[in-house]
Amino acid sequence: MANGTAANGRLTVAVLGPGGIGGLLAALLSRSGHRVICLAGDETAETLRTTGIRVRSGLFGDFTAEVEADTELREPVDACLITVKATALDTALTRVPPTALGDALVVPFLNGVEHPQALRARYGPDRVAPAVIRAESTRVAPGEIEHASPFAEIDLAGDTAPRVRLDALAQALAAAGPTTRVLPDETATLWAKMSFLAPFALLTTRHALPLGEVRTRHREELIALVEETAAISHASGGPADPAQSLARYDACPPGTKSSMQRDAEAGRPLELDAIGGALLRAADRHGVPAPVTARLVRELRELAP
């Protein structure tokens, strides 16, 4: 591992995209004693070097953490967390040359199920360890993070990554704050997130309504989409439990919004292809009918600026 740091439990972690999720994880890891290098554009990198990352969180408290920052990775690290949006991934990866990484784990916290294949093609099959995180965290300005959810839960996977490396990163993340576990089945891990995220993202964005109104005013459409998504997940080797998904939606605070909905409200590009498009491609591969998904993706594409 980088500079032998893992031997004393102190990791060197790069964070590509210090936004809502990346900024939160960078700050928590730094506060817990790890060396953190944030990778971002010139302006954001300068802000982070000067003022650090300020976090407001009911769960983790309000604090400021010092981090290093650069526009490109220039040295080996133990892990590189990729926390950009899918729409920015290709451009952002130019900040992480494969030759600079050493033997680092590449840990994408991206929505969707297709990105591990592209990352393995770039960085090598034994380096990529996909992760999912359940947390609502927003970058309100460069270096300013608001973590709103009363939880932050991470699942690490990576069928081809060395387990000892995954365990070391999981230990560091758990000690920093988020509930973290290593799961044995990468496909099931990614599809479990996708099965919950896709109906939530597509419907809140299409109707421009928070989850509470979607689950009441558009209940039948929600149920149909959840069942479609579960069937596609099952065919793809993932979990399929529509009742559990509905129960989770019903348990969420009524004002909950998806990140795709927030992107639409702000006029930012939507992760429509990484979520809805990937869902339709999986449905097509396995011969699973997906008429509700297809209609919503079509309507959202027509509405996009």
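Residues numbered from 1 in each chain as written. Predicted model: local features only at pLDDT ≥ 70, side-chain atom pairs only at ≥ 80, totals over all residues. Heavy atoms only, no water.

Draft legend 1. Representation of the side chain of Glu 228 within the structure. Structurally, the position occupied by Glu 228 is in helix 8 (residues 219-235). In terms of polar contacts, Glu 228 uses its side chain to reach the backbone amide nitrogen of Val 292, at 2.8 Å. Within the structure, Glu 228 has its side chain in polar contact with the side chain of Thr 293 (distance 2.7 Å). Sequence-distant contacts of Glu 228, that is, excluding residues within four places in its chain, are made with Pro 289, Ala 290, Pro 291, Val 292 and Thr 293. (Helix = DSSP H or I, 4+ residues; strand = E, 2+ residues; numbered from the N terminus. Polar contact = N/O pair within 3.5 Å; in protein donor to acceptor, adjacent residues only side chain to side chain. Contact = heavy atoms within 4.5 Å.)

Draft legend 2. Region of interest: the sheet that holds strand 9 (residues 137-141). One open sheet accounts for 4 strands, arranged 4-3-10-9; its pairing is mixed. Where the open sheet ends on each side, the last strands, each with one partner, are strand 4 (63-65) and strand 9. Strand-to-strand twist in this sheet, taken as the mean axis angle between neighbours without regard to direction, amounts to 25 degrees. Two strands pair when backbone bridges link them, and strand 3 (residues 53-57) and strand 4 are joined in this way by 3 bridges, in the antiparallel orientation. Note on strand 4: the bridge partner recorded for Arg 54 is Thr 64. Against the sheet, helix 1 (residues 20-31) touches strand 3, strand 4, strand 9 and strand 10 (144-147), its axis set at about 85 degrees to strand 4. (Pairing = 2+ DSSP bridges. Axes fitted to C-alpha atoms, helices over the stretch in contact; angles between N-to-C directions.)

Draft legend 3. Region of the structure containing the packing of helix 6 (residues 186-207) against helix 8. One way to put it is that helix 6 packs onto helix 8 with a least axis distance of 9 Å and a crossing angle of 150 degrees. Between helix 6 and helix 8, the angle is such that the two are roughly antiparallel. Here the hand of the crossing between helix 6 and helix 8 comes out right-handed. Residues Trp 191, Met 194, Ser 195, Ala 198, Pro 199, Leu 202, Leu 203 and His 207 of helix 6 lie in contact with helix 8, whose contacting residues are Glu 221, Leu 222, Leu 225, Val 226, Thr 229, Ile 232 and Ser 233. (Parallel < 35°, antiparallel > 145°, perpendicular 65-115°, else oblique. Left-handed = near helix turned anticlockwise from the far one by under 90°.)

Draft legend 4. Looking closely at the nonpolar core. Counting residues in hydrophobic clusters, the biggest one holds 41 residues, and the most contacted among them are Cys 38, Ile 53, Leu 81, Val 107 and Leu 156. The element contributing the most residues to this core is helix 1, with 7 residues. Sequence-distant contacts of Leu 156, that is, excluding residues within four places in its chain, are made with Val 107, Pro 130, Ala 131, Leu 166, Leu 169, Ala 170, Leu 173, Thr 180, Arg 181, Val 182 and Leu 183. Ranked by size, the runner-up nonpolar core spans 35 residues in total, among them Leu 246, Tyr 249, Leu 279 and Val 297. (Core = buried A, V, L, I, M, F, W, Y, C linked by side-chain atoms within 4.5 Å. Buried < 20%, exposed > 50% of the residue type's maximum accessible area, 1.4 Å probe, protein only.)

Draft legend 5. Broad picture of the packing of aromatic side chains. For the structure shown, the criterion picks out 2 aromatic pairs. Where Phe 196 meets Phe 200, the ring centres are 5.9 Å apart and the plane angle is 45 degrees; that geometry is what we call tilted. Remark: Phe 200 and Phe 196 occur in helix 6; sequence separation between them is 4 residues, near one turn of the helix. Pair check on accessibility: Phe 196 and Phe 200 agree, each one buried. (Phe/Tyr/Trp six-rings, centres within 6.5 Å; stacked < 30°, edge-to-face > 60°.)

Draft legend 6. Structural view of the pairing of strand 3. Burial of strand 3 is one-sided: the residues Ile 53, Val 55 and Ser 57 facing one way are buried, the residues Arg 54 and Arg 56 facing the other way are not. In this antiparallel pair of consecutive strands, strand 3 and strand 4, the connection spans 5 residues, and Gly 61 shows a positive phi of 90 degrees. Relative to strand 10, strand 3 runs parallel, the two being bridged by 4 bridges. Following the sheet pairing, Val 55 is matched in strand 10 by Ile 145.

Draft legend 7. View of the pattern of salt bridges. The tally for this structure, following the rule as stated, stands at 24 salt bridges. Between Glu 75 and Arg 35 there is a salt bridge, and its shortest N-O distance comes to 2.8 Å. Linking Glu 75 in the loop between strand 5 (68-70) and strand 6 (79-82) with Arg 35 in strand 2 (residues 35-39), this pair joins segments that are 40 residues apart in sequence. For Glu 75, a relative accessible area of 26% translates into the label partly exposed. Arg 134 is the salt-bridge partner of Asp 155, the closest N and O atoms lying 3.1 Å from each other. Taken as a pair, Asp 155 in strand 11 (residues 153-156) and Arg 134 in strand 8 (residues 131-134) lie far apart in primary sequence, 21 residues in all. Since its relative accessible area comes to 4%, Asp 155 is described here as buried. (Salt bridge = Lys/Arg side-chain N within 4 Å of Asp/Glu carboxyl O.)

Draft legend 8. Structural view of helix 8. The terminal C-alpha atoms of helix 8, which comprises 17 residues, lie 24 Å apart, in line with the 24 Å expected from a rise of 1.5 Å per residue. Of the residues making up helix 8, those classed as buried are Glu 221, Leu 222, Leu 225, Val 226, Glu 228, Thr 229, Ala 230, Ile 232 and Ser 233. Where helix 8 is buried, its residues meet helix 6, helix 7 (211-217), helix 9 (242-251), helix 11 (272-286) and helix 12 (291-303). Positioned one or two residues after helix 8, Gly 237 has a phi angle of 95 degrees, which is positive. (Expected span 1.5 Å × (residues − 1).)

Draft legend 9. Structural context of unusual backbone geometry. Here Ala 208, not a glycine, exhibits a phi torsion of approximately 50 degrees, which is positive. Mapped onto the fold, Ala 208 is located in the loop between helix 6 and helix 7.

Draft legend 10. Region of interest: helix 4 (residues 115-123). Regarding helix 4, the residues found buried are His 115, Pro 116, Leu 119, Arg 120 and Tyr 123. Take helix 4 and look down its axis: the buried residues cluster within an arc of 130 degrees, on one side only. Turned more than 90 degrees away from the buried face of helix 4 sit Gln 117 and Ala 121, all of them exposed. Where helix 4 is buried, its residues contact strand 6, helix 3 (89-92), strand 7 (105-108) and helix 6. Directly after helix 4, the chain includes Gly 124, whose backbone phi takes a positive value near 110 degrees. (Arc of directions from axis to C-beta.)

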